[in-house]
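# An overview of the molecular structure
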Amino acid sequence: DAGITQSPRHKVTETGTPVTLRCHQTENHRYMYWYRQDPGHGLRLIHYSYGVKDTDKGEVSDGYSVSRSKTEDFLLTLESATSSQTSVYFCAISEGQNTGELFFGEGSRLTVL
Amino acid sequence: DQQVKQNSPSLSVQEGRISILNCDYTNSMFDYFLWYKKYPAEGPTFLISISSIKDKNEDGRFTVFLNKSAKHLSLHIVPSQPGDSAVYFCAASGYGNKLVFGAGTILRVKS
């Protein structure tokens, strides 16, 4: 199994508070991704990174920011959490061979009250 | 507008029979099409893929068929087993391995 660790695995927070989710990999893969999973929508791409300090937006990036200062870590930040950001967040990694094969973490369940 | 659609939210199949999961897409520029499997409280795992230049790919009990003219792909599982019960996501890949996922189909295999 690919070495991907997400933290925290579960978090409950209140509207308006900042939240940071961490993704850590031990595979030295170049590409890292943050997806959110919601009923009826499958998984939707929030942000992705194609190298250290190289990031770009996905289809649902509003309200989220990311940072990647090291190859192994990709952080997802909600500056001011809203109830619509209650979701399960998945980090994924790939070697970037354009085959579509991603390795996913176990997910972080975020509840915004 | 959803680029990848799975129109069946759920499917129930008897053990030993064939399971057929379907997926439609709208963007003809996708390079690869994939199926991911997801168990509760776990991340999705890659199951099988097919390049846009092929029409069939087989891996054991799993076969994916691609019909480019209809922009349709399907996953066949034969024979179905109770351990196959999971959510199956269809996905399509463009540049940079940015996947676009369907909403998923819950497969239940009854023993």
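Preceding this paragraph is the structure being described.
## As for the sheet that holds strand S7 (residues 64-70) of chain A
Residue and element names in this part refer to chain A.
- Strand order across the open sheet formed by 4 strands is S1-S3-S8-S7, with antiparallel pairing between neighbours. The sheet is open, and its two edges are formed by strand S1 (4-7) and S7, each paired on a single side. The average undirected angle you get between the axes of adjacent strands in this sheet is 15°.
- Pairing of S1 with strand S3 (residues 19-25), which is carried by 4 bridges, proceeds in the antiparallel orientation.

## So, the interface of chain B and chain A
- In this assembly, 21 residues from chain B lie in contact with 23 residues from chain A.
- Taken together, both faces of the contact between chain B and chain A bury some 1,800 Å²; the carbon and sulfur share is 54%.
- Between the two partners, chain B and chain A, sit 0 salt bridges.
- Our enumeration of links across chain B and chain A arrives at 4 residue pairs in polar contact (both at pLDDT 80 or more).
- Elements with a contribution of two residues or more to the side of chain B that touches chain A: strand S4 (32-38), strand S9 (86-93) and strand S10 (99-101) of chain B.
- At 4 residues, S4 of chain B tops the list of elements feeding residues into the side of chain B that touches chain A.
- The class makeup of the residues in the side of chain B that touches chain A is 11 nonpolar, 7 polar and 3 charged.

## Overview of the pattern of salt bridges
Residue and element names in this part refer to chain A.
- A full pass over the atoms with the stated rule returns 7 salt bridges over all chains.
- Aspartate 73 is the salt-bridge partner of arginine 22, the closest N and O atoms lying 3.1 Å from each other. Here aspartate 73 lies in strand S8 (residues 73-78) and arginine 22 lies in strand S3, a separation of 51 residues in the sequence.
- For aspartate 73, a relative accessible area of 7% gives the class buried.
- The residue aspartate 73 makes a salt bridge to lysine 70 at a minimum N-O spacing of 3.3 Å.
- One connected set of salt bridges, linked through shared partners, spans Arg22, Lys70 and Asp73.

What counts and how
Residues numbered from 1 in each chain as written. Chains lettered and ligands numbered in written order. Predicted model: local features only at pLDDT ≥ 70, side-chain atom pairs only at ≥ 80, totals over all residues. Heavy atoms only, no water. Pairing = 2+ DSSP bridges. Helix = DSSP H or I, 4+ residues; strand = E, 2+ residues; numbered from the N terminus. Axes fitted to C-alpha atoms, helices over the stretch in contact; angles between N-to-C directions. Contact = heavy atoms within 4.5 Å. Buried area = accessible area lost by both parts, 1.4 Å probe. Salt bridge = Lys/Arg side-chain N within 4 Å of Asp/Glu carboxyl O. Polar contact = N/O pair within 3.5 Å; in protein donor to acceptor, adjacent residues only side chain to side chain. Nonpolar A, V, L, I, M, F, W, Y, C, P; charged D, E, K, R; others polar. Buried < 20%, exposed > 50% of the residue type's maximum accessible area, 1.4 Å probe, protein only.

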